[in-house]
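Report on the structure
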Amino acid sequence: MADSFPRQQARTRRFTIGAPRALRVSPDGERVTFLRTKSGDDPVSCLWEATAGTGAERLVADPKALGADDENLPPEERARRERVRETGSGIVAYATDQRHALAVFALSGQVYAAPLGDPGASPRRVATHTPALDPRPDPTGRKVGYVHAGRLWVADLETGDDTIVAGEDGVTYGLAEFIASEEMGRFRGYWWSPDGTRLLVARVNESNVRRWHIADPANPDRQPAEVGYPAAGTPNADVSLFIADLAAGTRTTVQWDNIVFPYLVNAAWDDDLLIVAQTRDQKAMRLFNGITGEVIREDTDPQWTDVIDGTPAQLRNGHIVWTELSDDTRRLIVAPAADLASAAPLTPPGLQVRDILGTDGDSVLFSGSTEPTEIGVWRYGPDGLTAVATDPGVHTAQAAGATTVVSGRTLRGNHVSVRINKKGKPAGDIAVLAEEPNLPPPDPQFLDAGAGDIRTAVLFPSRHRPGTKLPVLMDPYGGPHSQRVLKTASAFLASQWFAEQGFAVVVADGRGTPGRGPAWDRMVAGDLATGVLEDQVTALHAAAEKFADLDASRVGIRGWSFGGYLAALAVLRRPDVFGAAVAGAPVTDWRLYDTHYTERYLGDPAANPAAYEVSSLNDDPERAVATAVRPLLIIHGLADDNVFVAHSLRLSSALLAAGYPHSVLPLSGVTHMTPQEVVAENLLLLQVAFLRDALSRRGV
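Residue numbers restart at each chain and count upward from 1, following the sequence in its written direction. It should be noted that, the model being predicted, local features are given only for residues of pLDDT at least 70 and side-chain atom pairs only at 80 or more, the latter also being counted only at that level, while totals for whole chains, interfaces and linings use all residues. Calculation of side-chain values draws on the structure's entire complement of heavy atoms; hydrogens and water are dropped beforehand.

Things to note about empty space enclosed by the protein
A pocket, in this scheme, is an open set of points on a 1 Å grid over the protein atoms alone with protein on both sides within 12 Å along at least 5 of 7 lines, while a cavity is a set where a 1.4 Å probe fits but cannot get out; residues line either one if an atom lies within 4 Å of a point. Grid points are joined across faces, edges and corners, and a volume is the space filled by probe spheres set on the points. Under the criterion given, the structure shown has one cavity of 30 Å³ or more. Within this model, the largest cavity holds a volume of roughly 40 Å³. Taken together, P372, T373, R455, Q483, V485, D509, T513, P514 and R516 form the lining of the largest cavity. For the lining of the largest cavity, the per-class residue count stands at three nonpolar, three polar and three charged. Note on residue categories: nonpolar means Ala, Val, Leu, Ile, Met, Phe, Trp, Tyr, Cys or Pro, charged means Asp, Glu, Lys or Arg, and polar means any other residue, Gly included.

Listed below in structure tokens is the structure:
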């Protein structure tokens with residue numbers, strides 16, 4: 001008997017098992033490496049290599065054959081996976097040398113090196129201190145850097161020597177701090193020089209960061225876990241940089257004004273050592289040369305400067321890849337360092353550059369949108385701007401040596417497709433082994449709602465007969481950094497399942513969500529509540545006007561994280577519209593959320609308390625009781641170290657004090673991701689039962 005959709009979605013990690021990922025192309029364009037499980041029901045990711053000319057695959061490393069135990073993960077690795085939202089097991093990350101002749105990865109705290117391009121070679125374990133974190137080979141493939149016990153080490157693959165580069169009690173070397181990995185997309189803390197003789201190393205001192213504690217009430221004999229958490233308005237980790245010369249055994253401090261620019265955003269070491277830093281208020285960002293100290297470019301914005309994945313990057317000719325804002329568009333610029341500050345944009349107004357995907361010789365590959373529900377891939381090089389993948393859907397790509405690998409998701413199927421193009425011609429596909437969902441194919445109906453053209457999708461049960469009124473379920477994320485309304489079937493699988501349970505499901509991306517340009521992004525500055533909630537109401541009314549079968553008198557809302565915050569906000573502030581809510585891991589008091597995210601939108605809580613008051617929920621229950629009380633289910637993992645359970649507990653206390661009846665579902669041992677299979681499955685079933693019951697009552 002086939003699994004139910006909730007069970008299948010949980011078991012397959014949202015259908016990511018069996019899908020190729022982490023694709024990289026060798027510099028000569030002849031080989032493609034990637035991670036993928038052996039089947040759609042095998043959770044263990046292996047390292048594979050495909051021949052670019054034919055697509056023929058070779059298994060490079062199988063964790064089971066290496067005897068790895070994925071349950072025996074170091075706590076630091078579990079925390080890293082939480083930051084990158086990694087739910088897989090086995091080989092979940094790898095790094096290669098410059099020639100793409102060697103891949104290095106960690107399994108259960110052990111380091112392995114696997115030769116690439118050699119069918120007769122096998123992976124071997126590298127003698128290191130254990131547990132080892134974030135192993136990375138030097139560009140020449142002779143040494144491997146890694147972190148153990150907060151210290152940075154280098155293992156010589158030829159001699160077997162294992163040498164400490166930097167270590168000190170009370171600080172960490174070579175790892176990204178919480179804010180960098182959670183909010184900036186920087187997951188590393190050391191970088192090799194191009195010749196492999198030096199390392200740029202981040203030193204992280206968290207002694208000033210406030211200590212919070214995560215208890216496990218289900219196991220009272222266990223000590224609470226202590227974590228450093230930089231909540232809004234409190235001290236961040238102190239981050240500094242130095243260059244370690246391995247042969248000379250010397251350190252050179254990298255000079256930058258880390259008092260004014262305390263956030264280390266990113267670094268890249270190609271021909272030049274390029275470093276990006278940002279002010280605490282994020283209104284200024286500086287790109288500088290880490291060797292000379294020269295400031296190459298400084299960007300400012302009255303609201304905030306944006307962190308763009310993949311920058312800085314450098315082409316073979318030495319030109320630097322960056323972005324700028326003009327004509328309400330994030331646009332690409334490429335220029336020598338001396339000209340970067342005044343360089344003209346190379347992409348047109350209306351094409352929003354999202355991420356820099358990589359470089360290929362003197363060309364740069366980037367993702368972008370002309371329509372926010374679609375993400376395409378473009379290339380800029382000596383021949384100008386060309387489209388790589390612009391079919392309606394969501395695409396990404398990697399390229400090297402005239403070979404481009406394009407991964408794409410569309411409305412035509414539930415899974416990603418991965419196609420190899422060599423010298424402009426199709427050269428095979430990489431197999432996708434993911435299971436097909438036990439669910440009718442999603443068929444979202446799109447509309448642009450209201451004066452703001454809020455991108456909105458509406459889903460009906462597959463057996464819906466026109467003329468039959470349906471209760472409505474709003475299913476948003478609704479905040480910065482994440483979109484739900486994308487022209488891919490996979491984006492709507494869970495929403496379609498809710499529709500099959502008898503709802504008309506409405507998904508809307510309001511102000512602040514990505515892909516619309518800087519003016520749209522900055523509409524949430526100073527207030528994360530009012531506008532985003534108003535946009536959900538606008539989308540609901542527009543959908544009900546267009547589709548007569550939506551019963552706008554019976555409306556529920558569900559969401560997780562920012563979506564959970566928005567769900568609770570909806571029933572507390574607009575009970576005239578929303579009849580019930582499921583709030584999963586909601587941020588209820590923005591003073592309890594982290595510095596980089598929160599202060600970007602709301603500023604310093606000491607200097608701008610009004611922004612926090614209007615955006616937070618814990619003062620709302622008393623006002624809501626005077627208007628109307630709607631059923632509210634709050635769900636939160638007790639082990640969540642991103643949105644701490646304190647958010648939900650404080651809201652629950654405020655609700656109780658106001659006499660507002662509600663339900664709280666605590667999840668023992670569950671983090672922000674809820675990766676546990678049984679938990680993930682039953683959460684969907686419990687939400688449906690709660691919403692059905694709540695919306696079936698008349699008068700709500």
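What to know about the sheet that holds strand β12 (residues 151–156)
In spatial order, the strands read β10-β11-β12-β13; together these four strands make up an open sheet with antiparallel pairing. The sheet is open, and its two borders are formed by β10 (133–137) and β13 (162–166), each paired with just one other strand. Direction aside, the axes of adjacent strands within the sheet are offset by 25 degrees on average. DSSP calls a pair of strands paired once it identifies at least 2 bridges connecting them. Secondary structure elements are defined from DSSP: runs of H or I of at least 4 residues count as helices, runs of E of at least 2 residues count as strands, and each element is numbered from the N terminus. As paired strands, β12 and β13 are joined by four bridges and run antiparallel to one another. If you follow A155 over to β13, its bridge partner there is D162. For helices, the axis comes from a line fit to the C-alpha atoms of the stretch in contact; other axes are also lines fit to C-alpha atoms, and the angle between any two N-to-C directions lies between 0 and 180 degrees.

Topic: helix α10 (residues 620–627)
Residue pairs three or four apart in sequence face the same way in an α-helix, which turns once every 3.6 residues. Relative accessibility thresholds used throughout: buried, under 20% of the residue-type maximum; exposed, over 50%; partly exposed, between the two (1.4 Å probe, protein chains only). Where α10 is concerned, the buried positions are D620, P621 and A624. Down the axis of α10, the buried side of the element spans an arc of 90 degrees, and every buried residue falls inside it. Residues of α10 that are exposed and point more than 90 degrees away from the buried face comprise E622, R623 and A626. In this fold, the buried residues of α10 make contact with α7 (562–573) and α11 (646–657). By construction, the arc corresponds to the directions joining the helix axis to the C-beta atoms. Contacts are residue-level and defined by heavy atoms, with any inter-residue pair within 4.5 Å sufficient.

A look at the pattern of salt bridges
Any carboxyl oxygen of Asp or Glu within 4 Å of a side-chain nitrogen of Lys or Arg constitutes a salt bridge here. Evaluation of the coordinates by the stated rule reveals 38 salt bridges. The residue E49 makes a salt bridge to R31 at a minimum N-O spacing of 2.9 Å. With a gap of 18 residues between them, E49 in strand β3 (residues 44–51) and R31 in strand β2 (residues 31–37) connect regions that are remote in the sequence. Assigned by exposure class, E49 and R31 land together as buried. Between D169 and R151 there is a salt bridge, and its shortest N-O distance comes to 2.8 Å. Taken together, the positions of D169 in the loop between β13 and β14 (172–173) and R151 in strand β12 put the pair 18 residues apart, joining distant regions of the chain. Look at R151 and you get partly exposed, because its relative accessible area is 22%. Overlapping salt bridges, with partners in common, bring together D301, D306, R330 and R522 in one network.

Examining unusual backbone geometry
Of note, the bond from T130 into P131 is cis; its omega dihedral lies within 30 degrees of zero at -5 degrees. Mapped onto the secondary structure, P131 falls in the loop between β9 (124–126) and β10. A cis amide bond, omega 0 degrees, links T311 with the succeeding residue P312. Inspection of the secondary structure puts P312 in the loop between β24 (295–300) and β25 (313–314). Even without a glycine there, the phi angle at D327 is positive, about 55 degrees. Notably, K423 is not glycine yet its phi reads approximately 55 degrees, a positive angle. Looking at the secondary structure, you find K423 in the loop between β34 (417–422) and β35 (425–429).

Description of the packing of aromatic side chains
Centre distance within 6.5 Å is the pairing criterion for rings of Phe, Tyr and Trp, where only the six-membered ring of Trp is used; planes under 30 degrees apart are then read as stacked, over 60 as edge-to-face, and the remainder as tilted. Scanning the entire structure with this criterion turns up 23 aromatic pairs. For the pair F366 and W378, a centre-to-centre distance of 6.2 Å together with 15 degrees between the ring planes defines the contact as stacked. With F366 in strand β29 (residues 363–369) and W378 in strand β30 (residues 376–381), this residue pair connects regions lying 12 residues apart in the sequence. For F366, a relative accessible area of 0% translates into the label buried. An angle of 70 degrees between the planes, with centres 5.2 Å apart, marks the rings of F562 and Y565 as edge-to-face. Taken as a pair, F562 and Y565 lie in helix α7 at a separation of three residues, close to a single helical turn. Overall, the relative accessible area of 2% leaves F562 in the buried class.

Regarding the sheet that holds β9
Spatial ordering of the open sheet is given by β6-β7-β8-β9, a layout of four strands whose pairing is antiparallel. The strands lining the two open edges of the sheet, one partner per strand, are β6 (95–96) and β9. Alignment of β6 against strand β7 (residues 102–107), held across two bridges, turns out to be antiparallel. When the sheet's bridge partners are listed, A95 is paired in β7 with V104.

So, the packing of α7 against α10
In a packed pair of helices, the relevant descriptors are the angle between the two axes and the axis-to-axis distance. Orientation of α7 relative to α10, taken along the N-to-C sense of each, is 45 degrees, at an axis distance of 8 Å. It follows from the interaxial angle that α7 and α10 lie oblique. Along its contact with α7, which presents L569, L572 and R573, the element α10 presents D620, P621 and A624. Split by residue class, the contact of α7 with α10 holds four nonpolar, no polar and two charged. Angle categories are assigned with fixed cut-offs, so that under 35 degrees is roughly parallel, over 145 is roughly antiparallel, 65 to 115 is roughly perpendicular, and the rest are oblique.

Looking at the nonpolar core
The definition of a nonpolar core used throughout is a set of buried Ala, Val, Leu, Ile, Met, Phe, Trp, Tyr and Cys residues joined through side-chain atoms within 4.5 Å. Ranked by size, the top nonpolar core spans 79 residues in total, and within it L550, F578 and W590 carry the most contacts. Among the elements that take part in this core, α7 stands out by supplying nine residues, more than any other. Contact partners of L550, with chain neighbours within four places excluded, come to V458, F460, K469, L470, V472, A504, V506, A543 and A544.

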